[in-house]
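# Secondary and tertiary structure notes
Spelled out from the first residue to the last, the chains are:
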Amino acid sequence: MSKMIYILNGPNLNLLGKRQPEIYGSDTLEDVDKTCAALAQEAGFTTRFLQSNHEGQIVDWIHEARENGAGIIINPAAFTHYSIAILDALNTFDGPVIEVHISQVHKRESFRHTSYVSMRADAVMAGFGVHGYALALRHMVHILD
Ligand code: DQA
């Protein structure tokens, strides 16, 4: 079985640490990548940690995960709320999918209360800050082991 966990990040998350730190905190995406890689390694897994501002690129990575990935952790960022293409791509993936949001989206604007990705996700994290990635990864390892 593949030991690779895909961790996919959508638009504007490249600015994590600089972007609205009062909402998203001061850790960078590189910090999150390092934390996840170390956690995965301890558990005998590897991560492929990726970010794009382009919807089609995320669809392509989900297709890649169909071949190489045991599971997908995804923070689709704004695409969460309207991307049928990402939902359709995730529906072609057989392994577990965990959706992560750094902020507590249900406490925010009403357009953030809708998630197309949640129609596929096996679990959803929201409001745990960047710690949500580590929690999602631990749960992913637990499911896959
Ligand atoms: C987010 C929440 C989304 O509503 C927003 O568009 C993001 C980040 C989060 O991690 O809290 O870009 O997915």
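As shown above, the structure is provided for reference.
A brief look at the structure comes next. Predicted model, so just to flag it, every value in this text is computed and none were measured.

## Regarding helix H5 (residues 131-144)
Taking 1.5 Å of rise per residue, the 14 residues of H5 would be expected to cover 20 Å, and the 20 Å separating its terminal C-alpha atoms lies within 8% of that figure. Those residues of H5 that sit buried are Gly132, Tyr133, Ala134, Ala136, Leu137, Met140, Val141 and Leu144. Check the buried side of H5 and you find it contacts strand S1 (4-9), helix H2 (29-42), strand S2 (46-51), strand S3 (71-75), strand S4 (97-101) and strand S5 (123-126).

## Description of the pattern of salt bridges
One pass over the full model with this rule turns up six salt bridges. For Lys3, the salt bridge identified is with Asp145, shortest N-O distance 4.0 Å. With a gap of 142 residues between them, Lys3 in the segment before S1 and Asp145 in the segment after H5 connect regions that are remote in the sequence. Residue class for Asp145 comes out exposed when judged on its relative accessible area of 63%. In the salt-bridge network here, residues are joined through shared partners; they are Arg108, Glu109 and Arg112.

Analysis parameters
Residues numbered from 1 in each chain as written. Predicted model: local features only at pLDDT ≥ 70, side-chain atom pairs only at ≥ 80, totals over all residues. Heavy atoms only, no water. Helix = DSSP H or I, 4+ residues; strand = E, 2+ residues; numbered from the N terminus. Expected span 1.5 Å × (residues − 1). Buried < 20%, exposed > 50% of the residue type's maximum accessible area, 1.4 Å probe, protein only. Contact = heavy atoms within 4.5 Å. Salt bridge = Lys/Arg side-chain N within 4 Å of Asp/Glu carboxyl O.

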